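Residue-level listing of the chains:
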Amino acid sequence: MLHTYYQIEARKKDGLLIVRLYGEIDHHNAMSLRRELDDMIMRDRPRRLLVDLSIVDFMDSSGLGLLMGRLRLMREIGGTMVLLRPNARIMKILRLAGMERFMEIDGIARKGEG
Amino acid sequence: MYNTRKNEINRIDITMPAISENEGKARALVAAFCAELDPTAAELTDIKSAVSEAVTNCIVHAYRVKKGKIYISIRLFADKTVVISVRDDGCGIADVKRAREPLFTTDAENERSGMGFTVMENFMDGLHVGSRVGKGTVVTMIKRIAS
């Protein structure tokens, strides 16, 4: 049995789709995450996608590509995307890529937290 | 590069198939071995991130056409530095300078961000890339543990 290093929790409310990612987002996991998230977005067509990163332990640049790809899809359907509560280590790679220029990032951990 | 460093206190050499399932395992192995130098959580994440990028490059780019192996060596030194090399026998990089440019990727259709080398350069304290087309690539990185 393959061990998965991530999980997705999703809930919908008033045009919002809130997705909580767990675990590690790397090239291996990004492949199936991409499919699952795209299926959700195209099925539910949310006005706003909130991606909760608070319990993501690790993310490399494959995760950046995953997030940018979902942002592109949300824009195609006329929606927006927000990243929620990345810990300080996740925020480091998000800042390196200048992600705050492309999408809203809320609930950023203070330095030293997470 | 970095091969003449003295006062090596420990070393491990790992060979693994270049399959995506091994990306997380490579990170875990490197983190476990580097724990001897007592890094902070942030330093450990920097090292894991850089190794993850180098290993992923092997899988996604070096062995795009044929299967192969990844060779990782981790060397610990008395001055609390770690030198990590990630080597492949894959296709090699024709233009290393261009490959290291932020956002440059040869695999945009698969949502590659082109940030792999940028992460390695920014999260580690030194990076050297050697490559020969048709022969393979060696990425060597150094991290000084400040804690």
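Up top you'll find the structure we're talking about.
Counting starts from 1 at the beginning of each chain's written sequence and moves along it residue by residue. Here every chain gets a letter starting at A, and every ligand a number starting at 1, in the order they are written. For a predicted model such as this one, the threshold for reporting local features is a pLDDT of at least 70, and the threshold for listing and counting side-chain atom pairs is 80 or more; totals across whole chains, interfaces and linings nevertheless cover every residue. By convention in this description, side-chain values take in all heavy atoms of the structure and omit both hydrogens and water.

Draft legend 1. Quick peek at the overall build of chain A. Within chain A, the secondary structure is distributed over three helices and five strands. Traced from its N-terminal end to its C-terminal end, chain A shows the element sequence β-β-α-β-α-β-α-β. When accessible area is computed with a 1.4 Å probe and restricted to protein chains, residues below 20% of their type maximum are described as buried, those above 50% as exposed, and intermediate ones as partly exposed. Taking all 114 residues of chain A together, the buried fraction comes to 52%. The contact criterion used throughout is that any non-hydrogen atoms of two residues lie within 4.5 Å. Summarising the internal contacts of chain A: among those between residues at least 6 apart in sequence, 68% fall at separations of at least 24. Only the protein chains shown count as cover for residues, and the accessible areas themselves come from Shrake-Rupley with a 1.4 Å probe. Looking at chain A as shown, the accessible area adds up to about 6000 Å², and 49% of this sits on carbon and sulfur atoms. A run of H or I in DSSP counts as a helix once it spans at least four residues, and a run of E counts as a strand once it spans at least two, with each numbered from the N terminus.

Draft legend 2. Examining the overall build of chain B more closely. For chain B, the count of helices and strands is four helices and five strands. In chain B, the succession of α and β elements from N to C terminus is β-α-α-β-β-α-α-β-β. Taking 2.2 N^0.38 as the reference for a compact globule, 147 residues should give roughly 15 Å; the C-alpha atoms of chain B span a radius of gyration of 15 Å, in line with that estimate. Taken over the C-alpha atoms alone, chain B extends approximately 40 × 30 × 25 Å along its principal axes. Looking at chain B residue by residue over its 147 residues, the buried ones come to 52%. Of the accessible surface of chain B, which amounts to about 6900 Å², a share of 52% is contributed by carbon and sulfur atoms. The sign given to each residue is positive for Lys and Arg and negative for Asp and Glu; His and the chain ends receive no count. Where a charge lies is defined by one atom per residue type, namely NZ (Lys), CZ (Arg), CG (Asp) and CD (Glu). One finds the centroid of the 21 positive side-chain charges in chain B at a distance of 5 Å from the centroid of its 19 negative side-chain charges. All radius of gyration figures rest on C-alpha atoms, and the globule criterion is 2.2 Å times the number of residues raised to 0.38.

Draft legend 3. The packing of helix H2 (residues 41–62) of chain B against helix H4 (residues 116–123) of chain B, seen in detail. Residue and element names in this part refer to chain B. Fitted lines through C-alpha atoms give the axes, limited to the stretch in contact for helices. The angle between two N-to-C directions lies from 0 to 180 degrees. Where H2 contacts H4, the two axes come as close as 9 Å, and the packing angle between them is 150°. Considering the angle they form, H2 stands roughly antiparallel to H4. Where H2 crosses over H4, the two elements pack in a sense that is left-handed. Counting all contacts with H2, which are made through Asp46, Ser49, Ala50, Glu53, Ala54 and Asn57, the residues of H4 involved are Gly116, Phe117, Val119, Met120 and Phe123. All residues other than Ala, Val, Leu, Ile, Met, Phe, Trp, Tyr, Cys, Pro, Asp, Glu, Lys and Arg, Gly among them, are scored as polar; the first ten of these are nonpolar and the last four charged. Considering only residue class, the contact of H2 with H4 consists of six nonpolar, three polar and two charged. Working rule for angles: under 35 degrees goes down as roughly parallel, over 145 as roughly antiparallel, 65 to 115 as roughly perpendicular, anything else as oblique. A crossing counts as left-handed when the near helix is turned anticlockwise from the far one by less than a right angle, and as right-handed when that turn is clockwise.

Draft legend 4. Layout of the sheet that holds strand E5 (residues 136–144) of chain B. Residues and elements named next belong to chain B. Spatially, E1-E2-E3-E5-E4 is the arrangement adopted by the five strands of the open sheet, whose pairing is antiparallel. The two strands at the open ends of the sheet, each matched to only one other strand, are strand E1 (8–17) and strand E4 (126–132). For this sheet, the mean inter-axis angle between neighbouring strands, taken without regard to orientation, is 10°. Strands are labelled as partners when DSSP assigns at least two bridges between them. Note: E4 against E5, seven bridges, orientation antiparallel. From the neighbouring strand, valine 129 faces E5, where its bridge partner is valine 139. In the packing of H2 onto the sheet, contacts are made with strand E2 (69–77), strand E3 (81–88) and E5, and the angle to E3 comes to roughly 10°.

Draft legend 5. Quick look at the packing of aromatic side chains. Here the aromatic set is Phe, Tyr and Trp, taking the six-membered ring for Trp, and pairing holds for ring centres within 6.5 Å; pairs whose planes are under 30 degrees apart are stacked, those over 60 apart are edge-to-face, and all others are tilted. All chains considered together, the criterion is met by zero aromatic pairs over all chains. Directly above the aromatic system of Phe123(B) lies the positively charged group of Lys92(A), at a separation of 4.5 Å from the ring centroid. Two thresholds decide whether a charge sits over a ring: the Lys NZ or Arg CZ must be within 6 Å of the ring centre and within 35 degrees of the ring normal. A cation sits over an aromatic face here: Arg87(B) above Tyr71(B), 4.2 Å from the ring centre.

Draft legend 6. Just helix H1 (residues 22–34) of chain B, in detail. Here the expected length of a helix is defined as 1.5 Å per residue gap, with one fewer gap than residues. The first and last C-alpha atoms of H1(B) sit 18 Å apart over 13 residues, in line with the 18 Å expected at 1.5 Å per residue. Within H1(B), the full set of buried residues consists of Asn22(B), Glu23(B), Gly24(B), Ala26(B), Arg27(B), Val30(B), Ala31(B), Phe33(B) and Cys34(B).

Draft legend 7. Looking closely at the side chain of Thr137(B). Along the chain, Thr137(B) turns up in strand E5. Sequence-distant contacts of Thr137(B), that is, excluding residues within four places in its chain, are made with Val86(B), Arg87(B), Asp88(B), Gly92(B), Ile93(B), Val129(B), Gly130(B) and Ser131(B).

Draft legend 8. Expanded view of the pattern of salt bridges. Should a side-chain nitrogen of Lys or Arg be within 4 Å of a carboxyl oxygen of Asp or Glu, the pair is scored as a salt bridge. Following the criterion strictly, the structure yields 13 salt bridges over all chains and no others. Residues Asp46(B) and Lys92(A) are paired through a salt bridge, measuring 2.9 Å at the closest nitrogen-oxygen approach. With Asp46(B) in helix H2 and Lys92(A) in helix H3 (residues 88–96), the pair connects residues from two separate chains. Accessibility expressed as a relative area gives 7% for Asp46(B), which makes it buried. A salt bridge links Asp89(B) to Arg87(B); the shortest N-O distance between them is 3.1 Å. By relative accessible area, which is 33% here, Arg87(B) ends up partly exposed. The structure contains a network of salt bridges with shared partners spanning Arg20(A), Asp52(A) and Arg85(A).

Keep in mind that these numbers describe shape and distance, not what the molecule does.
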